Amino acid sequence: MQMQAAVLEQFGQPLVVTDVDLAEPKAGEALVRLVACGVCHTDLYTASGVDPSGYAPTVLGHEGAGVVEAVGPGVESVDVGDHVVTLFSPQCRRCEHCLSGLSNICLAIREQQNKGCLPDGTTRLSRNGEPIRHFMGTSTFAEYTVMPEIALAKISREAPLDAACLFACGLSTGLGAAMYTACVRAGSTCVVFGAGMVGLGAVAGCRLQNAERIICIDLSAERLKLARAQGATDLWQTGPDIVQRIQSETRGFGADYTFEATGRVEVMRQAVESARMGWGLCTIAGVAGKGETLDVIPRWLIQGRRIAGSSFGGVKGRDQVPELIERCLAGEIDVEPFISHRITLPEVNRAFELMEAQDGIRSVITFG
Ligand SMILES: NC(=O)c1ccc[n+]([C@@H]2O[C@H](COP(=O)([O-])OP(=O)(O)OC[C@H]3O[C@@H](n4cnc5c(N)ncnc54)[C@H](O)[C@@H]3O)[C@@H](O)[C@H]2O)c1
Ligand SMILES: [Zn+2]
Ligand SMILES: [Zn+2]
């Protein structure tokens, strides 16, 4: 079939919205009609050419939600008409990591996904007979996508898909960092660095875990206002003495849990140093630039602080994205404030401009 898609033709150039071909789903795959798709930093990062593992041409996009239109042979977990969220982080339920229960980093299709292919090593996307590679195994800046069933989370049909798409990346990453990576205990003191999609999600996750005090820290007063509505008890603009401030407000100890959601290594260090001596856990969700390293004095760790990295918030996509969306439907997570702009696919480059201007939390593309 032919469909409209936003193609990254050349790094550093605007995406080109054009017709491309999409082949039928093969064994284990499903055809999904996209209804909504968020625009995330990783899309811009790849488009800019800074990402060393990036490739072009490719159809970008990974924060998708839509409806299954067809399934290939052998598909059992989704059916035509099901509502789904796309997972750049799949869950096969069979590999060593999935079976361990200890990690959400599924090993099943990593290699091919990183090369821009579906699990059989080929692409369903093409143009004039030339293959176009899939991005993050999702390629959701398009009217349709073909994806492996292990990378589709089947969700309630009640959930509005323009809200559900946020759970495909940023929001789940933040919520999960608090709920599944850190497993925040009730009554704790938490500090969240960064009040973007990921940080605000972490604030909401700390609230859902019944943290007592949730301090959110950002440069922007505007963004901190949003954190209040997600459950932050304290809103602080950052400054050079931020670690001392956290220590002095916690009787000199530091916070039980800290979260880094800025992608800046100097903030990661602050997040480590402001975790409580004895048991403080610093969870790092931000993605640092290529070649950057985290500078930590080992004594901070000897004193009982720990550091954990969190990919997609430790969320096991097929099991837990539907659960998070149920909590959203139950009124426990308010996503409306995160949808700052609704745009159409041909306006996708505007979403990048808005992001660069830090205008709003998420632009969401709606289709049809
Ligand atoms: N681990 C994962 O699986 C995963 C998934 C999605 C995004 N991410 C990463 O998470 C990070 C955050 O993503 P986002 O979409 O929320 O980004 P964002 O840019 O919307 O938010 C980052 C926030 O950090 C704030 N900030 C910048 N410098 C700061 C400082 N010195 N102190 C405090 N706050 C500061 C900014 O004002 C901004 O509000 C990015 O690095 C992104 O790549 C990781
Ligand atoms: Zn993302
Ligand atoms: Zn797996």
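Note that the coordinates shown come from a computational prediction; the quantities given were computed from them, not determined experimentally. (Residues numbered from 1 in each chain as written. Chains lettered and ligands numbered in written order. Predicted model: local features only at pLDDT ≥ 70, side-chain atom pairs only at ≥ 80, totals over all residues.)

Enquirer: A description of the domain arrangement of the protein should follow, citing residues and the corresponding values.
Expert: A common way to report how large an interface is uses the accessible area buried once the components associate. Along its sequence, the protein is organised into domain 1 (2–168 + 334–366) and domain 2 (173–311). Across the boundary between the two partners, domain 1 contributes 9 residues, which contact 7 residues of domain 2. (Domains from an automatic or database assignment. Contact = placed C-beta atoms within 7 Å.)

Enquirer: Mind laying out the sheet that holds strand β13 (residues 213–218), listing which residues take part and the relevant values?
Expert: Strands in a sheet are paired, the pairing made by backbone hydrogen bonds, and the direction either parallel or antiparallel. What the 6 strands build is an open sheet, ordered β14-β13-β12-β15-β16-β17; its pairing is parallel. Each edge of the open sheet carries a strand with a single partner, namely β14 (234–237) and β17 (306–309). Sheet twist, expressed as the average angle between the axes of neighbouring strands with direction ignored, equals 20°. As judged from the 4 bridges shared by strand β15 (residues 257–260) and strand β16 (residues 281–284), these two strands associate in the parallel manner. Note that in β16 the partner of T258 across the bridge is C282. (Pairing = 2+ DSSP bridges. Helix = DSSP H or I, 4+ residues; strand = E, 2+ residues; numbered from the N terminus. Axes fitted to C-alpha atoms, helices over the stretch in contact; angles between N-to-C directions.)

Enquirer: Break down the site of ligand 1 for me, with residues and values.
Expert: Near ligand 1 lie 28 residues; those nearest to it are G194, G196, V198, G263 and G286. Sorting the residues of the shell around ligand 1 by element identifies α5 (170–181), α6 (197–208) and β13 as the ones contributing at least two each. It is α6 that contributes the most residues to the shell around ligand 1, 3 residues altogether. For the shell around ligand 1, a count of residues per class yields 12 nonpolar, 13 polar and 3 charged. (Near = placed C-beta within 6 Å. Nonpolar A, V, L, I, M, F, W, Y, C, P; charged D, E, K, R; others polar.)

Enquirer: Give a description of the pairing of strand β1 (residues 2–8) that names residues and reports values.
Expert: As defined by bridge partners, β1 adjoins strand β2 (residues 16–22) across 6 bridges and the pair is classed as antiparallel. Bridging from a neighbouring strand, A6 pairs with V17 of β2. With 2 bridges connecting them, β1 and strand β4 (residues 58–59) associate as antiparallel partners. When the sheet's bridge partners are listed, L8 is paired in β4 with T58.

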